[in-house]
Amino acid sequence: MINMRKQTRRLKSFLFLLLFFRFHVSGFTEISIAVQPFGNVDTLQLLPVLEAVVREYHAAEVVIRKPVPLPESAFYPPRGRYRAEKLLDFLDSINDGKYYRVVGFTDKDISTTKGAIEDWGIFGLGNIGGYSCVVSTFRLKRDGKTDLFEPRLKRIIIHELGHTFGLYHCNWRLCVMANYKGTIRILDEQWAHLCAPCKRSFRKKYKIGQ
Ligand SMILES: [Zn+2]
Ligand SMILES: [Zn+2]
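Because the structure is a prediction, the values reported are computed rather than measured.

A. Highlighting the packing of aromatic side chains. Within this structure, the stated rule accounts for 11 aromatic pairs. Ring centres 5.5 Å apart and planes at 80° place the aromatic pair Phe-165 and Tyr-206 in the edge-to-face group. In this pair, Phe-165 is assigned in the loop between helix H3 (149–164) and helix H4 (184–189) and Tyr-206 in the segment after helix H5 (196–205), connecting sequence segments 41 residues apart. Here Phe-202 and Tyr-206 contribute two aromatic rings whose centre-to-centre distance is 5.1 Å and whose plane-to-plane angle is 40°, an arrangement assigned as tilted. Phe-202 sits in the buried class, given a relative accessible area of 0%. Linked through ring pairs, Tyr-57, Tyr-100, Phe-165, Phe-202 and Tyr-206 together constitute an aromatic cluster. Note that Arg-101 overlies the ring of Tyr-100, its terminal NZ or CZ placed 4.0 Å from the centroid.

Okay, structure coming up:
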């Protein structure tokens, strides 16, 4: 999903370093990514996934920050879930400038407005060309296919981060940037990486390998 709004406010937050990968990248923009867990979501689930994220986006580092509570401002009482665009606003508000991008991470259900549907449950949401995206594991295990959890999480994180790197939805249905339209079946068919044109567009923007 895409969120077109973005804002940058900078407040202090505390760093809790769990993971640190370092790639020596010759590009001009050092891509450092933070994961911001919400509540007591199990961050160990990220371990097999983040290495692929680092590889896909040539990131210099990915760190997992100290968890913070889900902001009450994002709670949507009629459905008992959290509005994703408000979570993005929150992530922007605690941007301390240490990282280039942030991925909010929660196991609670998240939603946004989709067309005429006021509150539509989603896997994730990302600001196009913005600082923040958010992913939820809530909808990834509901069908009991636990062996698919990890590849699903990987695809969603790479997809939502792709939006923050300026990528829109891709017309190639297997590309990780294709619109999965909130359906797990489409998500399961996708690659866990960018197609060649999306990759080219990303690499050109960040002057990687040029
Ligand atoms: Zn999307
Ligand atoms: Zn693509």
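B. Layout of the nonpolar core. Within the largest apolar cluster, 40 residues are counted, with the highest numbers of intra-cluster contacts made by Ile-33, Val-53, Ile-157 and Leu-161. Elements supplying a minimum of two residues to this core: strand E2 (32–37), helix H1 (47–57), strand E3 (61–64), strand E6 (101–106), strand E10 (132–136), H3, H4 and H5. With six residues, the single largest contributor to this core is H3. In this view, Ile-33 contacts Val-53, Ala-59, Glu-61, Val-62, Val-63, Tyr-99, Arg-101, Val-103, Leu-161 and Phe-165; residues no more than four positions away in its chain are not counted. Judged by nonpolar contacts, the second largest core, of 20 residues, contains Ala-34, Leu-88, Phe-90 and Ile-122.

C. Local environment of the sheet that holds strand E1 (residues 2–3). Spatially, the six strands line up as an open sheet ordered E1-E9-E10-E6-E2-E3, and their pairing is mixed. Edge positions in the open sheet fall to E1 and E3, since each of these has one partner strand only. By the bridge criterion, four bridges tie E2 to E3 in an arrangement that is parallel. The residue of E3 that forms the bridge with Ile-33 is Val-62.

D. Layout of the coordination of the zinc ion (ligand 2). Every protein donor of the zinc ion (ligand 2) is accounted for by Cys-170 (SG), Cys-175 (SG), Cys-195 (SG) and Cys-198 (SG), and the metal-donor separations fall at 2.3 to 2.4 Å. The coordination sphere of the zinc ion (ligand 2) comprises four donor atoms, whose angles at the metal cover 107 to 112°; the geometry is tetrahedral. Here the donor residues for the zinc ion (ligand 2) map to a single chain with the spacing C-x4-C-x19-C-x2-C. Remark: Cys-195 occurs in the loop between H4 and H5 and Cys-175 occurs in the loop between H3 and H4; sequence separation between them is 20 residues. Just as Cys-175 is buried, Cys-195 falls in that class too.

E. Representation of H1. Taken together, the buried positions of H1 are occupied by Val-49, Leu-50, Ala-52, Val-53, Val-54, Glu-56 and Tyr-57. In the core, the buried residues of H1 are packed alongside E2, E3, H3 and H5.

F. Focus on helix H2 (residues 84–93). Across the 10 residues of H2, nine count as buried, placing the element largely inside the fold. Considered for burial, the residues of H2 that qualify are Ala-84, Glu-85, Leu-87, Leu-88, Asp-89, Phe-90, Leu-91, Asp-92 and Ser-93.

G. A look at the sheet that holds strand E8 (residues 117–122). Taken in spatial order, the four strands of this open sheet run E4-E5-E7-E8, and their pairing is mixed. Every interior strand has two partners, whereas the edge strands, strand E4 (75–76) and E8, have only one. The pairing of strand E7 (residues 110–114) with E8 spans four bridges and is antiparallel. Looking at the pairing, Ser-111 lines up with Gly-121 of E8.

H. Region of the structure containing the packing of H1 against H3. Between H1 and H3, the least distance of the axes is 9 Å, while the angle of their chain directions is 35°. The two elements H1 and H3 cross, and the hand of that crossing is right-handed. Of H3, the residues touching H1 (which contributes Pro-48, Val-49, Ala-52, Val-53, Glu-56 and Tyr-57) are Glu-150, Leu-153, Lys-154, Ile-157, Ile-158, Leu-161 and Gly-162. When its residues are assigned to classes, the contact of H1 with H3 shows nine nonpolar, one polar and three charged.

Conventions we followed
- Residues numbered from 1 in each chain as written.
- Chains lettered and ligands numbered in written order.
- Predicted model: local features only at pLDDT ≥ 70, side-chain atom pairs only at ≥ 80, totals over all residues.
- Heavy atoms only, no water.
- Phe/Tyr/Trp six-rings, centres within 6.5 Å; stacked < 30°, edge-to-face > 60°.
- Helix = DSSP H or I, 4+ residues; strand = E, 2+ residues; numbered from the N terminus.
- Buried < 20%, exposed > 50% of the residue type's maximum accessible area, 1.4 Å probe, protein only.
- Lys NZ or Arg CZ within 6 Å of the ring centre and 35° of its normal.
- Core = buried A, V, L, I, M, F, W, Y, C linked by side-chain atoms within 4.5 Å.
- Contact = heavy atoms within 4.5 Å.
- Pairing = 2+ DSSP bridges.
- Donors = N, O, S within 2.8 Å, 3.2 Å for Na, K, Ca; no water.
- Tetrahedral: all angles 85-135°; square planar, octahedral: opposite > 155°, others 65-115°.
- Axes fitted to C-alpha atoms, helices over the stretch in contact; angles between N-to-C directions.
- Left-handed = near helix turned anticlockwise from the far one by under 90°.
- Nonpolar A, V, L, I, M, F, W, Y, C, P; charged D, E, K, R; others polar.

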